[in-house]
Each structure stands twice: as C-alpha cells, then as structure tokens.
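Each chain, letter by letter, is given below.
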Amino acid sequence: MAQYISFAPNVEVNGQTILAFVNGIPAFKSTMVGILAKHGLEDLSSEAWYLQEKWLNAFKEIGEVYGSNTLFAIGKVIPEHAIFPPEINNLESALNAIDVAYNMNHRNGEIGYYKMINFQSDLRLAIIECRNPYPSDFDRGIITTMARRFKPVDSIIVDVKLDENKPTRKNGAEGCTYHVTW
C-alpha cells in the first residue's frame, strides 16, 4: 500500500510541521508525543529535519489505533495555524499553495506533490491530485481547511470528496484525486 511508504529513503520533513501535528489537537498531545517517540522522533525542534519514514510510521499507528477521523482532524489542523503570504487571497491561489508549502517542508529526494488539475469558479469545482505517501484522510483534511479558509464570501459550504472512481492510496495507488465544491 502506498500510504505510509516514503517515495525515497532519505526524504526529510521539517520539525515545525511535526510540531504542528503534535500541538494541533491539544487533548491528544501526550499521546502524539508518545507515538512519535516510539518511532524514533524525540526532542523535536522546529529548526531540525527528521526522516519522513519515521513520521509515516507514526501516522500508520495513529490510523490503525485511532482511525480515519483522527487522520482527517490532524490534516485539518496543519494549515489552520499557518501564515500565508498576502498574494494567497482566494481559493484558487490557496489550493495551489498547498504544493508550495509541501515543498518547503520536505527535502532530499522524491517527495510527491499536490497538483490542481482543474479549477472552474463558475461551476464551483476544483480537482486536486495528491501524489504523496501521506494518508488519504490527512490530505482531505488539509484541502478542507484550505478551502474553508479561502472560500469565496458567497459560499456557505465547502465539500471535499475523494474520487473513488480513480485509483487511491487506500487501495494501493501512489496518489488520490479530490473534488472540491463550494
């Protein structure tokens, strides 16, 4: 299964991202710290870089023990506290910025991507392809928060759905496709 398997053995993720994961759900902070420590991620520093595979192993345990809703919740908190440059001021630029942020927080080899395949403001539809080793529900959470935060003012509801008519990481593919409507 492509979820939880790094695309390259030396890929690293920065500590700031892992700390956002730890601090994102305060009620589970000690649990998250314990799971990360179990997988070799201790004494985290926002300035340091850590092997992605260790973080993916922690994700896998969280998914197995706490389920997909927890992975979705963790994904939602990652961008909730992020600061965005002023040019990211609408939904289209925000959804494109996911890949920029992803690249800023990963290094050393093939990391994958978040790619906007289609954006049609008149139909209120965006299609995003995510090719990375993170859990599908985590990606859905990231996209959901970005879409909610930057949706047009005349939109009330944002919906992000996994396209199950295409290959998904949940069934062994290296990526997933999401439909965003607002």
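Everything here concerns the structure above.
This report concerns the structure included in the present document. (Residues numbered from 1 in each chain as written. Predicted model: local features only at pLDDT ≥ 70, side-chain atom pairs only at ≥ 80, totals over all residues. Heavy atoms only, no water.)

## Structural notes on helix α4 (residues 68-80)
Moving on, step 1. With 13 residues, α4 should cover 18 Å at 1.5 Å per step; its first-to-last C-alpha distance of 19 Å lies within 8% of that length.
Moving on, step 2. Taken as a whole, α4 has its buried residues at T70, L71, F72, I74, G75, V77, I78 and P79.
Moving on, step 3. Taken together, the buried residues of α4 touch α1 (15-23), α2 (29-38), α3 (52-66) and α6 (136-150). (Helix = DSSP H or I, 4+ residues; strand = E, 2+ residues; numbered from the N terminus. Expected span 1.5 Å × (residues − 1). Buried < 20%, exposed > 50% of the residue type's maximum accessible area, 1.4 Å probe, protein only. Contact = heavy atoms within 4.5 Å.)

## Examining the packing of helix α5 (residues 91-104) against α6
Moving on, step 1. At a minimum axis distance of 9 Å, the contact between α5 and α6 shows a crossing angle of 155°. By the criterion of interaxial angle, the relationship of α5 to α6 is roughly antiparallel. Between α5 and α6 the crossing geometry is right-handed. Counted together, L91, A94, L95 and I98 of α5 and I142, I143, M146, A147 and F150 of α6 form the full contact between these two elements.
Moving on, step 2. Residues of the contact of α5 with α6, tallied by class, amount to 9 nonpolar, no polar and no charged. (Axes fitted to C-alpha atoms, helices over the stretch in contact; angles between N-to-C directions. Parallel < 35°, antiparallel > 145°, perpendicular 65-115°, else oblique. Left-handed = near helix turned anticlockwise from the far one by under 90°. Nonpolar A, V, L, I, M, F, W, Y, C, P; charged D, E, K, R; others polar.)

## Points about the pattern of salt bridges
Moving on, step 1. The tally for this structure, following the rule as stated, stands at 9 salt bridges.
Moving on, step 2. The residue R140 makes a salt bridge to D137 at a minimum N-O spacing of 3.8 Å. Of this pair, R140 and D137 are both found in helix α6, 3 residues apart, which corresponds to roughly one turn of the helix.
Moving on, step 3. Overlapping salt bridges, with partners in common, bring together E110, R131 and E174 in one network. (Salt bridge = Lys/Arg side-chain N within 4 Å of Asp/Glu carboxyl O.)

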